[in-house]
Amino acid sequence: MLKIVSAEFMQGAVNTQQFPQSSVPEFAFFGRSNAGKSSLINMLLNRKNLVKTGSKPGMTKEINFFIVNGPAAAKQASLKTFCVADLPGYGFAQRSFSERNRIDKMLYGYCTARTQLKALFFLMDIRRDPTETERHTLDFFKQHGIKTVLTATKSDKIGKTEQQQRITTLAAFFNCAKDGILLTSSSKKTGREQLLNLISGYLDS
Ligand code: GTP
Ligand code: MG
């Protein structure tokens, strides 16, 4: 299994000019405000508070980049270095119009120009019904050749039977296979191994 020995905050960006210039393979976490992006990154990297999470939606307003198994750690031959990008959530109505516009532009810039992006995890609260926004967004990623992993979050909030029903609903909505949807819970650490395996697979491809 992919081993993580270090994870450090690298840089925050509020516009495309501030994106770190690096050739390290990158993985992005994307989704509606409050979907659980920052929590899932903390869970993946095994760090309680590396990324700030919040009960108020709209917590993350910039793209935050983290380096995993950075230069010092990667001296150990078997370790792979990669980058994680925590993207700000979309659909937070209480943000001012200009703030939304800035974030949308930055997200567009990120998705269209980030050549080192290996895959994007598209997070959705398992209890929420996806909308046309999610469908269009997924189409946009496909059109731009971005490998996207649909990721259901907060699975601990519902029982096992309901989890399977929700996965069936999501798969039907997005017209994909049920096992193409990653089931996660950051509080229960559900799906961590699959996440690591997916990242490892993309790093090797
Ligand atoms: P923005 O930065 O605002 O876009 O939100 P985000 O997608 O980064 O969400 P964040 O990780 O900050 O989580 C939002 C809220 O959901 C917080 O109160 C978390 O504690 C909670 N939460 C996130 N993941 C889980 C989970 O797996 N289970 C449970 N029960 N709560 C979760
Ligand atoms: Mg966040």
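Heads up: the structure comes first, above all this text.
Before going into details, it helps to say that this report is about the structure given with it. (Residues numbered from 1 in each chain as written. Chains lettered and ligands numbered in written order. Predicted model: local features only at pLDDT ≥ 70, side-chain atom pairs only at ≥ 80, totals over all residues. Heavy atoms only, no water.)

**Remarks on the overall build of the protein**
When helices and strands are tallied, the protein shows 5 helices and 7 strands. Tracing the protein from N to C terminus, the helices and strands come up as β-β-α-β-β-α-β-α-β-α-β-α. For 205 residues, the compact-globule formula gives about 17 Å, and the C-alpha radius of gyration of the protein, at 16 Å, lands near that figure. Overall size of the protein, expressed as C-alpha extent along the three principal axes, is 45 × 40 × 35 Å. Long-range pairs, those at least 24 residues apart, make up 75% of the contacts in the protein between residues at least 6 apart in sequence. If you sum the accessible surface of the protein, you get close to 10,400 Å²; carbon and sulfur atoms cover 50% of it. (Helix = DSSP H or I, 4+ residues; strand = E, 2+ residues; numbered from the N terminus. Rg over C-alpha atoms; globule rule 2.2 N^0.38 Å. Contact = heavy atoms within 4.5 Å. Areas by Shrake-Rupley, 256 points an atom, 1.4 Å probe, with all protein chains shown as cover.)

**With respect to the side chain of lysine 37**
With respect to the helices, strands and loops of the structure, lysine 37 is situated in helix α1 (residues 37-45). For the buried residue lysine 37, which engages in no salt bridge, the nearest side chain bearing the opposite charge is aspartate 86, 5.9 Å off. A distance of 3.1 Å separates the side chain of lysine 37 from the backbone oxygen of glycine 31, its partner in a polar contact. Look past the residues within four positions of lysine 37 in its chain and what remains in contact with it is Phe29, Phe30, Gly31, Arg32, Asp86, Leu87, Pro88, Gly89 and Leu123. (Buried < 20%, exposed > 50% of the residue type's maximum accessible area, 1.4 Å probe, protein only. Lys, Arg positive; Asp, Glu negative; His and termini not counted. Salt bridge = Lys/Arg side-chain N within 4 Å of Asp/Glu carboxyl O. Polar contact = N/O pair within 3.5 Å; in protein donor to acceptor, adjacent residues only side chain to side chain.)

**Describing the pattern of salt bridges**
Tallying each qualifying case throughout the model produces 7 salt bridges. Residue aspartate 204 pairs with lysine 80 through a salt bridge whose shortest N-O separation is 3.1 Å. With aspartate 204 in helix α5 (residues 192-204) and lysine 80 in the loop between β3 (63-68) and β4 (82-86), this pair connects stretches of sequence that are 124 residues apart. For aspartate 204, a relative accessible area of 55% gives the class exposed. Taken together, the salt bridges that share partners define one network made up of Asp125, Arg127 and Lys154.

**Concerning the packing of α1 against α5**
Their axes nearest at 10 Å, the elements α1 and α5 cross at an angle of 80°. Between α1 and α5, the angle falls in the class roughly perpendicular. Side by side, α1 and α5 meet where Leu40, Met43, Leu44 and Leu45 of the first sit next to Arg192, Leu195, Leu196 and Ile199 of the second. (Axes fitted to C-alpha atoms, helices over the stretch in contact; angles between N-to-C directions. Parallel < 35°, antiparallel > 145°, perpendicular 65-115°, else oblique.)

**With respect to the pairing of strand β6 (residues 148-153)**
Buried residues dominate β6, accounting for 5 of its 6 residues. Of the pairings in the sheet, the one linking strand β5 (residues 117-125) to β6 comprises 6 bridges and is parallel in character. Paired with aspartate 125 across the two strands is threonine 153, which belongs to β6. Examined bridge by bridge, β6 and strand β7 (residues 181-183) share 3 bridges and lie parallel to one another. The residue of β7 that forms the bridge with leucine 150 is isoleucine 181. Assessed by its sense of winding, the connection that carries the chain from β6 through helix α4 (residues 160-174) to β7 is right-handed. (Pairing = 2+ DSSP bridges. Right-handed = clockwise from strand over helix to strand, strands pointing away.)

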